[in-house]
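Working through the structure, step by step
Residues per chain are reported as follows:
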Amino acid sequence: MLVDVDHLLATPIFQPGRCSIGFHVLHSEYVIPLYFLGAFFIRHKIIRLVIIGLAFHMITDFIDCLWMLSKCETCSAAEVFRGL
Ligand SMILES: [Zn+2]
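Residue indices follow the written sequence of each chain, beginning from 1 at its first position. Local features in this predicted model are restricted to residues of pLDDT 70 or higher, and side-chain atom pairs are both shown and tallied only at a pLDDT of 80 or more, whereas totals for entire chains, interfaces and linings draw on every residue.

**A few points about the overall build of the chain**
For clarity, the cut-off: Going along the chain from the N terminus, every DSSP run of H or I of four or more residues is numbered as a helix, and every run of E of two or more is numbered as a strand. Note on contacts: each residue gets a C-beta atom placed from the backbone, and two residues are in contact if those atoms are within 7 Å.
A count of helical and extended segments in the chain gives 3 helices and 0 strands. Reading the secondary structure of the chain in the N-to-C direction produces α-α-α. Long-range contacts, defined as pairs at least 24 residues apart, comprise 42% of the intrachain contacts of the chain with a sequence gap of at least 6.

In structure tokens, the structure reads:
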């Protein structure tokens, strides 16, 4: 997905076991609610489809993080959920 271009801004670009939620710019906890709000309130069809795609991407990344967390306690996914 195009949203993962923000992974290129991160160092290192790829790190196995890293949870992208809360780490990358377009995956931050401040931006994710905007995707879900936009999916409801944006009227432009094409933009809304892109936003819905982003929202689903966040869901899949989140599931990925939960899955990683269940497999690996030392992965960065554990840092994201430590406060919960
Ligand atoms: Zn992602």
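**A few points about the packing of helix 1 (residues 32-41) against helix 2 (residues 45-71)**
How we decide: Angular values range over 0 to 180 degrees, each being the angle between N-to-C directions of two axes fitted as lines to C-alpha atoms, with helices fitted over their stretch in contact. Oblique is the label for any angle not covered by the other classes, which are roughly parallel (under 35 degrees), roughly antiparallel (over 145) and roughly perpendicular (65 to 115). For any pair of crossing helices, the crossing counts as left-handed if the nearer helix is rotated counterclockwise from the farther one by less than a right angle, and right-handed if it is rotated clockwise.
Two elements in contact, helix 1 and helix 2, have axes whose closest approach is 8 Å; the angle formed by their N-to-C orientations is 135°. Taken together, helix 1 and helix 2 sit at an angle that is classed as oblique. Pair helix 1 / helix 2 crosses with left-handed handedness. Between helix 1 and helix 2, the residues in contact are Ile-32, Tyr-35, Phe-36, Gly-38 and Ala-39 and Arg-48, Ile-51, Ile-52, Leu-54, Ala-55 and Met-58, respectively.

**Some remarks on the nonpolar core**
The criterion, for reference: One nonpolar core equals one set of buried Ala, Val, Leu, Ile, Met, Phe, Trp, Tyr and Cys residues connected by C-beta atoms within 7 Å. In this scheme the burial state of a residue depends on its C-beta neighbours within 10 Å: 20 or more other such atoms mean buried, 12 or fewer mean exposed, and anything in between means partly exposed; the C-beta positions come from the backbone.
Listed in full, the 8 residues of the largest apolar core are Cys-19, Ile-21, Ile-32, Tyr-35, Ile-51, Leu-54, Met-58 and Cys-65. Where this core is concerned, the elements lending two or more residues are helix 1 and helix 2. Broken down by element, the residue count for this core peaks at 4 residues, all from helix 2.

**Structural notes on the environment of Leu-26**
Note on placement: Leu-26 falls in the segment before helix 1. Residue Leu-26 is classed as partly exposed on the basis of its 19 C-beta neighbours within 10 Å.

**Focus: helix 2**
The cut-off we apply is this: Expected helix span is computed as 1.5 Å times (number of residues minus one).
Taking 1.5 Å as the rise per residue, helix 2 with 27 residues should run 39 Å; its terminal C-alpha atoms sit 39 Å apart, in good agreement. Restricting attention to buried positions, one finds in helix 2 the residues Ile-51, Leu-54, Met-58, Asp-61 and Cys-65.

**Re the confidence of the model for the chain**
The criterion, for reference: As a per-residue measure, pLDDT reflects the predictor's confidence and takes values from 0 up to 100.
For the chain, mean pLDDT is 78; residues scoring 70 or higher make up 65% of the total. Put simply, helix 3 (residues 77-81) is where the chain has its lowest mean pLDDT, 58, and helix 1 is where it has its highest, 93.

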